[in-house]
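Reading the structure
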Amino acid sequence: MVEIIPIALGGSLFSRKEVKDLDIWRSEIIDLLSNYENNEKKFIIIIGGGHLARKEIGVAIDSGVNDKFELDLIGIRCTRKNAFNFMKMFEDHNISVNKEIPESIEDAIELLNSNDLVVMGGTSPGQTTDAVAIKIGIRLGVKRVFVATNVSHIFSEDPKINKNAKKIKSISLKELGILSGVGSVIEPGASFAVDPVGVSSAINSNLPLVILNGHDVDNLRKAINGEEFIGTNVFGD
Ligand code: UTP
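Residues numbered from 1 in each chain as written. Predicted model: local features only at pLDDT ≥ 70, side-chain atom pairs only at ≥ 80, totals over all residues. Heavy atoms only, no water.

Observations concerning helix α3 (residues 68–91)
Under the 1.5 Å per step criterion, the end-to-end length of α3 is 34 Å for 24 residues, consistent within 8% with the ideal 34 Å. The N-terminus of α3 is capped by Asp67, whose side-chain oxygen sits 3.0 Å from the backbone nitrogen of Phe69. (Helix = DSSP H or I, 4+ residues; strand = E, 2+ residues; numbered from the N terminus. Expected span 1.5 Å × (residues − 1). Polar contact = N/O pair within 3.5 Å; in protein donor to acceptor, adjacent residues only side chain to side chain.)

Describing helix α6 (residues 173–180)
Inspection of α6 places Leu173, Leu176, Gly177 and Ser180 among the buried residues, and these make up the whole buried set. Projected down its long axis, α6 carries its buried residues within an arc of 110 degrees, all on one side. Those residues of α6 that are buried lie in contact with β5 (154–155), β7 (170–172), α7 (196–205), β8 (209–213) and β9 (232–235). (Buried < 20%, exposed > 50% of the residue type's maximum accessible area, 1.4 Å probe, protein only. Arc of directions from axis to C-beta. Contact = heavy atoms within 4.5 Å.)

Some words on the pairing of β8
Burial of β8 is extensive: five of the five residues sit out of reach of the surface. Burial along β8 is two-sided: the face carrying Leu209, Ile211 and Asn213 and the face carrying Val210 and Leu212 are both buried. Sheet topology places strand β4 (residues 145–149) next to β8; five bridges connect them, and they run parallel. Its bridge partner being in β8, Thr149 is matched across the sheet by Asn213. As judged from the three bridges shared by β8 and β9, these two strands associate in the antiparallel manner. Pairing of Val210 across the sheet is with Asn233, part of β9. (Pairing = 2+ DSSP bridges.)

Points about the sheet that holds strand β1 (residues 3–9)
Read from one edge to the other, the open sheet built from seven strands follows the order β3-β2-β1-β4-β8-β9-β7, with strand pairing classed as mixed. The open sheet has two edge strands, β3 (117–120) and β7, and neither has a second partner. Each neighbouring strand pair of the sheet contributes to a mean axis angle of 20 degrees, computed without reference to strand direction. Of the pairings in the sheet, the one linking strand β2 (residues 41–47) to β3 comprises four bridges and is parallel in character. (Axes fitted to C-alpha atoms, helices over the stretch in contact; angles between N-to-C directions.)

As for the site of the ligand
The local shell around the ligand holds 23 residues, among which Gly49, Asp72, Ser124, Thr129 and Gly189 are the closest. A distance of 2.7 Å separates an oxygen atom of the ligand from a polar atom in the backbone of Gly11. Here an oxygen atom of the ligand sits 2.5 Å away from a polar atom, N or O, in the side chain of Asp72. Look at the ligand: alone it shows 590 Å² of surface, and the protein chains cover 95% of it. Only α2 (50–62), α3 and α5 (129–140) provide two or more residues apiece to the shell around the ligand. When residues in the shell around the ligand are grouped by element, the largest group, four residues, is from α3. (Near = heavy atom within 4 Å. Areas by Shrake-Rupley, 256 points an atom, 1.4 Å probe, with all protein chains shown as cover.)

Here is the structure:
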């Protein structure tokens, strides 16, 4: 039976500022996502907007755009641009990947029938790509959803504000809901370890999550294979 694995891959991972050796990271991620034998796993990768989204949203705000819906649409376009580039990288390696970026969860799921790997960006305003990955996971009834970001763990507090914030290795969905601010309004381009809109959906569906640093591809591989990994395990009831 094929296991479908949704991974939200933060857009910051595509920046030379954040990933020291981007070329090595790229070849490692290609190797990870294309080397499961007998089609034992298929991946659906949801790519974030990273610096591009923050820059474009900032430029729009400076030009007087203040409608959140419009700003979110700008963010979504950036996630899809990053997704397109990521998809092309696999196409160039002759890997079975979609040819166009799907714009909805249903279209993405449809593409899994004919591809081993499906790459996409955001879908609708009012959330981030973490929430898209989580909603796909719920729709497909997967065991867990991976959120590969630029921090190693969920912390007890914002580590930028409190240097003594503690790394959390294991936490319940409900506790994560409190830490991530489920219920609060999210601003276009705002930065989170994990999007509270997605966490809220995960709580409602009791869907476990894994949050880890996407820079370390070997660690991501261990998590996917069910081995011990560095990161935060978010468990259900
Ligand atoms: P991201 O998913 O990139 O958010 O969406 P992020 O938390 O900044 O993730 P990283 O940094 O890439 O890891 C960027 C913006 O695009 C809009 C929102 O405005 C979001 O803040 N967006 C994205 C949506 O409105 N809907 C989506 O489905 C996805």
